Amino acid sequence: MRAPRPCRAWRESLRELVDGHASLESVAAVERHAETCANCAAELQVARRMRGLLDGAAVAELTRAGEEAFIEGVFSRIDSDRSPTGEAPPLRPRRLAPRRAVQLGAASLVLAAAAALLLVVRSHTARPHGLEERPSVAPRVDLAAAADNAPAETVGARSAADRPGRELVLGDERAPLDLERFTADLLHALDATGFDPYRSSDLQPLLLELDMLDPTDLARGARGVLGTDGPQALRGAAARLLGPRADVRDRALLRDQFSTLGHAAARSLLDGGERGVRILWSLSAEGGERGAIAVDALANASAGEDLDPLDAMPAETDPSIAARVAIASPDRMARELLDRFLATGESPWLDAWATREDAEDALAQTLERRPPRDVERSRLVRATTLRPVETALPMVMAALVDGDRSAPAALAALLPLGGADALLGATASGRLRSDFEDAAWRAAIGANADLMLEAALREGAAAVLVSATMRAFAAEASEDNPTLLLVRLAARASGDRALSSRIDALLHLAAIGPQSGPPAPLLLDELAPLRQDPSPRLAAAAWMAWQALGGELDQTPAAIDRALRRGGPPTALHARLTRAVGRRSGARPH
Amino acid sequence: MTSRALKLLSPMEQAGTGGDPGAGARAIAERLERASRGDRAAFSDLIRIHRPRVQRVALRLVGNHEDAEDVAQETFVRAWHGLETLREADRPAAAFSSWLLGIAVHLSRDLQRARGRRPEDAAASLLDGQGPDALAGSMRTPSAITEEAETRRRVELAIAALPERLRVPFVLRALEGQSYDHVARITGVRAATVRTQLVQARRALRRMLGPLLDEEDGR
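The rules behind the values
Residues numbered from 1 in each chain as written. Chains lettered and ligands numbered in written order. Predicted model: local features only at pLDDT ≥ 70, side-chain atom pairs only at ≥ 80, totals over all residues. Heavy atoms only, no water. Helix = DSSP H or I, 4+ residues; strand = E, 2+ residues; numbered from the N terminus. Buried < 20%, exposed > 50% of the residue type's maximum accessible area, 1.4 Å probe, protein only. Areas by Shrake-Rupley, 256 points an atom, 1.4 Å probe, with all protein chains shown as cover. Core = buried A, V, L, I, M, F, W, Y, C linked by side-chain atoms within 4.5 Å. Domains from an automatic or database assignment. Contact = heavy atoms within 4.5 Å. Phe/Tyr/Trp six-rings, centres within 6.5 Å; stacked < 30°, edge-to-face > 60°. Salt bridge = Lys/Arg side-chain N within 4 Å of Asp/Glu carboxyl O.

Student: Help me understand the overall build of chain A in this model?
Tutor: Summing up its helical and strand segments, chain A has 32 helices and two strands in all. By the burial criterion, 50% of the 590 residues in chain A qualify as buried. Summed over its atoms, the accessible surface of chain A is roughly 27,400 Å², and 51% of this surface lies on carbon and sulfur atoms.

The structure is reproduced here in structure tokens:
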């Protein structure tokens, strides 16, 4: 059972007492305090007994006997070290000196043994939360190889060797360790295996801590493991253990080792709270793999429930990085994200805003609460293209009139919200610059041709639609919607005022010929009835369009001629149409 | 100034520096300067001053007198070759002391590792010649002497059983009276690390010495 801990204020004095460094004043002060504090009184007793035992074990002072022989021995060695040139050699290993390679090898062997031990630990315990086996995300260490290299006397090494191919898996390195389970299972396993940390290497500090110290001291063990060149998985686990307990130097260590520890270090820094998060933000600015891992960790934290990294984001953070993190945060308000976009113009903020359910409300509120400035208006127009709101229409139309490049796309997004009528009206009034008018129509027809057709027919503005469509088509030859739009306009527009528009549409169709897009049979089906239209000019134009779109000339040009003549004496149009049909068919008109 | 520090200066007092608190350091600095120019007599003085502590620390770490003396001698050999490096130190006397102990610690570690000595072997060797027979000359009863020897053996075993990373700072601090900063300088780690290592060492010892502490409690 663990002894009750003394008051924090007196711990150092008690430690000094054990170490033999306590002053009389310090001891007197502790004694006075101990009179009123049972815990400290008990600790004082223990400290005194400890000191007494240590004093009793002091090595006897050396006598002067043999001193001269000792000195003689020193100079004898010095002389034997001299080179023939009489110069003292540089410091080098003598018979006591280490062989560095052997040392390093021994260190790696012990670390391998540590890894092997943890495997044994796993084999003796139920699977803990923090050590769950996962298919691929966790770092793995080949313990078969580790065990092969482990010292024979190391507990667990032989056991591990008996299990070739087993791997050390320490859970998802992006997730915090479940400390209590981790500790409990490891200690249980230590008991089960009879492992004695006192006989283990000094490279087993983590195990020592787990065995005999309270959880707050685990940081020390974790630091010890991080300071070695041990297996990545073991060091990753140590990093995650260190996380919530990391101090400023630990954070610096984690930052230094970020390249090798990767996600484990990032997780540790996240667990360390706001200061760790700030380090991640600074790492994110470095770019490369380190930066990507940092951003990934920040985004994961945003998506989690523990903290919101944006709260600790430095002001100078690259907005594109910040926005990537913000996208992952479910709690970030759309309005805040939109404000950030309006302030910076960085697209990731816009993307983040658009993913929020309340994005449209935020846009409407922004439009409502203040008239946008020029730069803001342009950005709001962009926002409208992603999440349109009705209240944005006046602003978008004003931007269109002013020649804002984003306005056509924004207007296209607003078609169902009054944008179609607004565009028709603006075109009819001649308020728009021709290039922006064309761009707006291209965008509108591309977005919803049927809606534009309906609006044009409803407003009796078929001529506007035909004209605008053709201009848009001329500006963007690959547009395929205008073909269908013209066919439908010719088929559906009704009334005297619409006749010329219908004929114009058909003549435009005849002029542009077949295009990619809707299959010809569909277009021809729409056109076929028009060839029998009572209006001979419309019928003749329909014949032209029919032929231009690949329809069979199952009637002779004479039939076209008759159709035209039904309308009265030959006109210039009559002549033009019959000549055109005759050229294409190779037949002479009658 | 602690009693251990006074012990350090006593050889200098024998060399005629008297009770002047700064005289010891000045005398050591002066001998260092001479020794760095090849003056063997001055270096011999330095060996006389520092040998006890160096050898004591080595004894704690390697566990037997023979190896401890070997380590101590080698420590001074290394020091002789490296005296030049101390010339620019702000406080050469203090720096020399820490430096020597650092060399001794590293050599002891190397020796222990090279030989693969187990802690209890080290403790047993350390106790050679210091069992009940060695205490027999005192005026205490045979049972008290035996009990004291057994207690001492258990304490030594507990210290020797500490992992090296804890044992070294503990020996330097609790048995050799070094400050945290000196221990840090000697072992080459941060002072904060030393503090935490010492907390761990004390706790480990307390756990291992628990029965002894209970026995004391029962008295």
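Student: What's the story with the nonpolar core in this structure? I'm lost.
Tutor: Inside soluble globular proteins, nonpolar side chains tend to come together where they are buried. Counting residues in each nonpolar core, the largest one holds 112 residues, and the members touching the most others are A:L280, A:W353 and A:L506. Looking at this core element by element, the count peaks at 10 residues for helix α25 (residues 434-458) of chain A. In this structure, this core is formed jointly by two domains, domain 2 (109-272) and domain 3 (333-387) of chain A, each of which donates at least three residues. In contact with A:L280, other than residues within four places in its own chain, are A:F258, A:A266, A:L269, A:L270, A:A294, A:A297 and A:L298. One finds A:V27, A:L53, B:A35 and B:V183 within the second-largest nonpolar core, a separate group that totals 73 residues.

Student: When you look at the packing of aromatic side chains in this model, what are you seeing that I'm missing?
Tutor: Each aromatic ring pair is summarised here by two numbers: the centre-to-centre distance and the angle between the ring planes. Going through the model one piece at a time under the given rule, you end up with six aromatic pairs over all chains. Ring geometry for A:F70 and B:F76: centres 6.0 Å apart, planes at 90°, overall edge-to-face. Here A:F70, found in helix α4 (residues 67-81), pairs with B:F76, found in helix α4 (residues 65-82), and the two come from separate chains. On the basis of relative accessibility, which here comes to 1%, the residue A:F70 falls in the buried class.

Student: I keep staring at the pattern of salt bridges and nothing clicks. Help me out?
Tutor: A side chain of one charge can pair with a side chain of the opposite charge when the charged atoms of the two come close. Taken as a whole and judged by the stated rule, the model has 27 salt bridges over all chains. The partner of A:R15 in a salt bridge is A:E12, and the shortest N-O contact between them spans 3.4 Å. Here A:R15 and its partner A:E12 are both found in helix α1 (residues 8-19), three residues apart, which amounts to about one turn of the helix. The salt bridge involving A:D19 is made with B:R173; its shortest N-O contact spans 2.9 Å. Linking A:D19 in helix α1 with B:R173 in helix α8 (residues 164-175), this pair reaches from one chain into another. In terms of burial, A:D19 and B:R173 fall into one category: buried. Residues joined by salt bridges that share partners form a network here, namely A:E67, A:E68, B:E30, B:R31, B:R34, B:D39, B:D45 and B:R48.

Student: Where do I start with the environment of A:L432 in this structure?
Tutor: Looking at the element boundaries, A:L432 is found in the loop between α24 (419-429) and α25. Linking A:L432 and A:V401, residues 31 residues apart in sequence, is a C-alpha distance of 5.4 Å.

Student: Could you clarify how one ought to interpret the side chain of B:Q197 in this entry?
Tutor: Residues and elements named next belong to chain B. Along the polypeptide, Q197 turns up in helix α10 (residues 191-208). The exposure class of Q197 is buried, given its relative accessible area of 11%. Apart from the residues lying within four places of it in its own chain, the contact partners of Q197 are R165, L166, P169 and V189.

By themselves these figures say nothing about function.
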